[in-house]
Amino acid sequence: MSNGQESPENVLSRRQERWNEADMLRDSRILEHTHSFIVEYNFKTKYCFIDPAQLKHVYGDWQNDRKNNDEKNYRRVVLQDDVEAVEAFFDFSKLKAGESRSMDARFYVKAHVYEWFRVSLTCYADEQGEKERVLITFTNAEQEMETLQKLKFLLAKDPLTHMPNLDSFMQMTDQMIQAHKDLSYAIIRMDIDKFRMINQMYGTKEGDNVLRYIGVKIQEWAGPILEISTYCRISSDMFCVCMPADASDVQELMDFIQNSLRAYPLKFDMIMSFGVYITCEEDRSEHIPVSTLMDRAASAQRTVKNSYRNHIAYYDNVIRKKEIAEQIIVSEMKKALETNQFQVYLQPKCEMDTGRIIGSEALVRWIHPSQGIISPGEFIPVFEKNGFITELDYFVLRATCQLIRKWLDEGKKVYPVSVNVSRTDLYNPNLLDQIKDCVAEYEVPHDLIAFELTESAFVSDNMQLYNLAKRMQENHFRVLMDDFGSGYSSLNSLREIPVDILKIDLKFLPPSQDDKRGNVILHSIVEMANRLGLEVIVEGVENIEQAEFLLSIGCRNAQGFYFYRPMPVSEYERCLEEKPIEIKERR
Ligand code: C2E
Ligand code: MG
Ligand code: MG
């Protein structure tokens with residue numbers, strides 16, 4: 001090597017020697033231990049060196065293969081599915097000096113057996129920077145790939161039912177819808193009404209059995225049309241199927257599932273609610289995400305969940321319009337609050353026989369610049385879902401405190417105002433402190449502010465609510481149980497519930513001449529409340545008959561359209577100045 005140059009023959013023979021050494025090392029099982037072998041290809045000599053011990057994997061004369069561009073030999077050692085990728089990998093025509101790349105492919109190892117190999121190559125340059133040789137490493141990755149495949153399988157499956165899970169369902173469904181652009185698909189979302197009860201009554205093991213059973217039934221039904229359908233367990237008792245939207249097939253599936261559930265040996269009337277969305281041309285052309293299609297099926301399903309009559313709902317224009325209206329509400333709510341579009345209305349509460357106003361309830365109204373007055377029934381449920389209710393309730397509380405402060409400063413007689421506390425506010429641990437701070441800022445005496453907590457919340461979120469109500473009372477705020485009759489509180493529970501006033505809603509307990517039992521119930525509630533020292537107020541009083549009946553059973557106070565509707569503050573102030581109308585004048 002006097003001039004630093006070595007003849008190609010020398011290089012090759014030295015390399016051959018080295019490889020002979022490697023051969024010996026193989027005997028000492030090092031190569032086997034590492035599951036690797038190396039192939040070297042020289043661009044100049046066109047010589048391809050393959051570890052002789054591994055020729056069984058890479059057999060054939062590679063050198064000649066490349067020269068003659070005869071790629072048939074690849075096909076003998078590479079699994080058919082991987083041939084194309086391997087050919088592209090070994091196309092050295094565009095390979096640059098210094099470049100490295102790697103791939104995974106399945107190579108022949110013995111009769112009918114192919115194993116995964118990770119193939120990596122690096123192209124080395126000569127001293128002039130020209131590409132000289134490629135060093136290729138084959139590493140057996142069978143075990144690694146096996147683990148990976150298992151992991152992939154596990155990640156794609158729901159461990160309980162072995163059905164595809166939500167992620168893999170969404171992927172498969174997207175591919176399927178895109179691959180069959182001419183087909184309209186039905187996305188069917190389903191779950192069991194009151195599944196929680198099954199777990200509670202029969203234990204979670206039995207609950208799991210029911211879920212597995214449904215999984216089997218869905219697979220039984222959709223299995224034969226697997227090519228054009230997908231299904232999954234979304235979570236808990238929620239399942240989803242996507243299948244071609246043939247109306248009778250869709251109905252057949254739902255009947256099949258419903259009947260299968262009836263046949264399940266459990267003394268519990270299991271009923272499934274189904275929500276169906278049928279894809280349209282626009283979904284395909286605009287590639288609407290599967291999650292959105294599923295949301296639409298869910299919106300339809302919500303309209304029949306726990307309903308006694310209907311168990312199947314299709315997403316239609318009514319639901320679409322409601323969703324659009326909700327979207328508008330959500331997109332405008334923040335700006336509306338900033339620009340004073342929300343206003344507090346007051347609905348007077350009065351003594352029925354004297355007609356005297358004894359207080360009021362603050363009820364929010366959205367005065368929309370183009371749509372006019374929007375009633376809380378439309379936006380409160382949306383705000384409860386997205387959490388904005390917390391901000392709105394705080395706004396109402398603040399506006400109410402400001403108002404009371406103004407009245408006090410003007411030297412007026414002030415009657416208590418109650419504000420509603422949404423059930424979502426219950427999860428705010430700082431709620432009471434925020435209320436106290438706000439009330440203190442305007443120096444409002446605590447007995448002039450009351451809080452209305454809805455009865456149904458007492459049933460489901462009891463601990464939070466009990467604690468809140470109790471702490472409110474400790475701070476000398478009055479607490480009302482709103483909408484009494486809407487939930488399932490037993491009369492007995494009234495003993496412990498920390499409230500001062502029971503607000504009975506006639507919507508839920510309507511008195512009527514034909515409904516003697518209803519009247520007896522109402523009578524008993526009023527009597528029991530009076531005996532327990534709870535004040536009672538009845539809301540939703542709409543006519544004189546109701547008012548007189550209520551008076552006859554010992555109920556004195558009411559809030560209702562018959563007396564006053566919710567009104568702007570200025571109007572309320574006017575009402576206070578008017579002479580009250582006694583009930584005998586109203587007859
Ligand atoms: P609620 O707290 O039970 O309020 C009473 C609702 O009954 C009011 O409806 C009122 O207008 C209505 N009402 C009063 N008297 C009668 C009557 O004689 N007949 C009939 N049919 N209805 C009567 P509104 O103002 O539409 O409020 C509906 C619900 O929205 C309220 O029920 C309350 O749950 C909620 N809400 C209203 N304002 C607020 C608020 O500022 N914050 C929160 N969290 N909820 C509010
Ligand atoms: Mg209320
Ligand atoms: Mg109410």
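Structural data are supplied above this passage.
Computed from a predicted structure; not experimentally measured.

Student: Honestly, the coordination of the magnesium ion (ligand 3) in this entry has me stumped. Any pointers?
Tutor: Under perfect tetrahedral coordination by four donors, a metal shows angles of 109.5 degrees; under perfect octahedral coordination by six donors, it shows angles of 90 or 180 degrees. Ligation of the magnesium ion (ligand 3) by protein atoms is provided by Asp482 (OD), Asp483 (OD) and Glu539 (OE), these donors lying 2.0 to 2.3 Å from the ion. For the magnesium ion (ligand 3), all donor residues lie on one chain, and their spacing in sequence is D-D-x55-E. The metal-metal distance between the magnesium ion (ligand 3) and the magnesium ion (ligand 2) is 3.9 Å, with Asp482 serving as a donor to both. Within this pair, whereas Asp483 is found in strand 16 (residues 478-484), its partner Glu539 is found in strand 18 (residues 535-539), the two being separated by 56 residues in sequence.

Student: Sorry, what's going on with the coordination of the magnesium ion (ligand 2) here?
Tutor: Ligation of the magnesium ion (ligand 2) by protein atoms is provided by Glu361 (OE), Asn420 (OD1), Glu452 (OE) and Asp482 (OD), these donors lying 2.1 to 2.3 Å from the ion. When the donors of the magnesium ion (ligand 2) are listed by position in the chain, the intervening gaps give E-x58-N-x31-E-x29-D. Judged by relative accessible area, which is 26%, Asn420 ranks as partly exposed.

Student: What should I look at first to understand a nonpolar patch on the surface in this one?
Tutor: Among the surface-exposed residues, Ile278, Ile312 and Tyr314 lie close enough to one another that they form a single nonpolar patch of about 210 Å² accessible area. Relative to the helices and strands, Ile278 resides in strand 9 (residues 272-278).

Student: What exactly am I supposed to notice about the pairing of strand 18 here?
Tutor: A regular strand places its side chains so that they alternate between the two faces of the sheet. Burial analysis of strand 18 places 4 of its 5 residues in the buried class, which makes it a mostly covered element. One ladder, built from 5 bridges, connects strand 17 (residues 501-505) with strand 18; its direction is parallel. Residue pairing in the sheet places Asp505 in a bridge with Glu539 of strand 18. Pairing of strand 18 with strand 19 (residues 557-559) involves 3 bridges; the strand directions are parallel. Each bridged residue has a counterpart across the sheet, and for Glu539 the counterpart in strand 19 is Gln559. Handedness of the β-α-β unit built from strand 18, helix 20 (residues 544-552) and strand 19 comes out right-handed.

Student: Could you clarify how one ought to interpret the pattern of salt bridges in this entry?
Tutor: Once their charged atoms are close, side chains differing in charge can pair, the charge on each being opposite to the other. Per the counting criterion, the structure on display carries 31 salt bridges. In this structure, the salt-bridge partner of Glu40 is Arg133, at a minimum N-O distance of 3.8 Å. Taken together, the positions of Glu40 in strand 1 (residues 36-42) and Arg133 in strand 5 (residues 131-140) put the pair 93 residues apart, joining distant regions of the chain. Of the two residues, Glu40 and Arg133, both sit in the buried class. With a shortest N-O distance of 3.6 Å, Lys406 and Glu410 are connected by a salt bridge. Note on Glu410: relative accessible area 42%, which makes it partly exposed. One salt-bridge network, in which partners are shared between bridges, spans Lys349, Glu361, Glu452, Lys503 and Glu539.

Student: I tried to follow the sheet that holds strand 4 (residues 113-125) on my own but got confused; where do I start?
Tutor: The strands making up a sheet associate through hydrogen bonds between their backbones, and the pairing can be parallel or antiparallel. Spatially, 2-1-5-4-3 is the arrangement adopted by the 5 strands of the open sheet, whose pairing is antiparallel. Edge positions in the sheet fall to strand 2 (48-50) and strand 3 (100-110), since each of these pairs with one other strand and no more. The sheet shows a mean angle of 25 degrees between the axes of neighbouring strands, direction not considered. Packing of helix 5 (residues 80-89) onto the sheet brings it into contact with strand 3 and strand 4, and relative to strand 3 it is tilted by some 140 degrees.

Student: What should I look at first to understand the nonpolar core in this one?
Tutor: What tends to happen in soluble globular proteins is that the nonpolar side chains get buried as a cluster. Ranked by internal contacts, the top residues of the largest apolar core, which has 82 residues, are Phe342, Phe379 and Phe383. Among the elements that make up this core, the one with the highest residue count is helix 15 (residues 389-409) (8 residues). If we skip the residues at most four places from it in the chain, Phe379 touches Ile329, Phe342, Val364, Arg365, Trp366, Ile374 and Leu392. Among the nonpolar cores identified, the runner-up in size contains 30 residues, and Ile192, Val241, Leu261 and Phe274 belong to it.

Student: What is the right way to look at the site of ligand 1 in this model?
Tutor: By nearness alone, 22 residues border ligand 1, and Glu361, Asp393, Asn420, Glu542 and Phe561 come closest of all. Here a nitrogen atom of ligand 1 and a side-chain polar atom of Gln347 are 3.1 Å apart. One of the backbone nitrogen or oxygen atoms of Phe561 is found 2.8 Å away from an oxygen atom of ligand 1. In the complex, 80% of the free accessible area of ligand 1, which totals 790 Å², lies under the protein chains. Of all the secondary-structure elements, those providing two or more residues to the shell around ligand 1 are strand 12 (357-368), helix 14 (376-386), helix 15 and strand 16. With 4 residues, strand 12 is the largest single contributor of residues to the shell around ligand 1. Taken together, the residues that form the shell around ligand 1 break down as 9 nonpolar, 5 polar and 8 charged.

Conventions we followed
Position numbers for residues start from 1 in each chain and track the written sequence from start to end. Chains and ligands are labelled sequentially in the order written, the chains with letters from A and the ligands with numbers from 1. Thresholds applied to this predicted model are a pLDDT of at least 70 for local features of residues and 80 or more for the giving and counting of side-chain atom pairs; totals over whole chains, interfaces and linings are not thresholded and use all residues. Neither water nor hydrogens contribute to the side-chain values; these are computed over all heavy atoms in the structure. Excluding water, the donors of a metal are its N, O and S neighbours within 2.8 Å, or within 3.2 Å for Na, K and Ca, and that exclusion means sites may look incomplete. Strands are runs of DSSP state E lasting at least 2 residues, helices are runs of H or I lasting at least 4, and numbering of each runs from the N terminus. A 1.4 Å probe rolled over the protein chains alone gives each residue an accessible area, and that area as a share of the maximum for its type sets the label: buried under 20%, exposed over 50%, partly exposed in between. In this analysis, a patch consists of residues with relative accessible area above 30% that form no salt bridge, clustered at 9 Å for like charges and at 5 Å for the nonpolar side chains Val, Leu, Ile, Met, Phe, Trp and Tyr. Here the accessible surface of atoms and residues is derived via Shrake-Rupley with a 1.4 Å probe, and residues count as covered only by protein chains that are part of the display. When a carboxyl oxygen of Asp or Glu is within 4 Å of a side-chain nitrogen of Lys or Arg, the pair counts as a salt bridge. When DSSP locates at least two bridges between a pair of strands, those strands are taken to pair. The handedness of a crossover follows from its direction of travel: if, with the strands pointing away from the viewer, the path from the first strand over the helix to the second runs clockwise, the crossover is right-handed. Between the N-to-C directions of two axes lies an angle of 0 to 180 degrees, each axis being a line fitted to C-alpha atoms and, for a helix, fitted only over the stretch in contact. Every residue pair with non-hydrogen atoms within 4.5 Å of one another is taken to be in contact. To form a nonpolar core, buried Ala, Val, Leu, Ile, Met, Phe, Trp, Tyr and Cys residues must be joined to one another through side-chain atoms within 4.5 Å. Nearness of a residue to a molecule or strand requires only that one of the residue's heavy atoms be within 4 Å of it. Counting of polar contacts relies on pairs of N or O atoms within 3.5 Å, with two restrictions inside protein: one atom must be capable of donating a hydrogen and the other of accepting it, and residues adjacent in sequence are counted only when both atoms are side-chain atoms. Ten residue types, Ala, Val, Leu, Ile, Met, Phe, Trp, Tyr, Cys and Pro, are classed as nonpolar, four, Asp, Glu, Lys and Arg, as charged, and the remainder, Gly among them, as polar.

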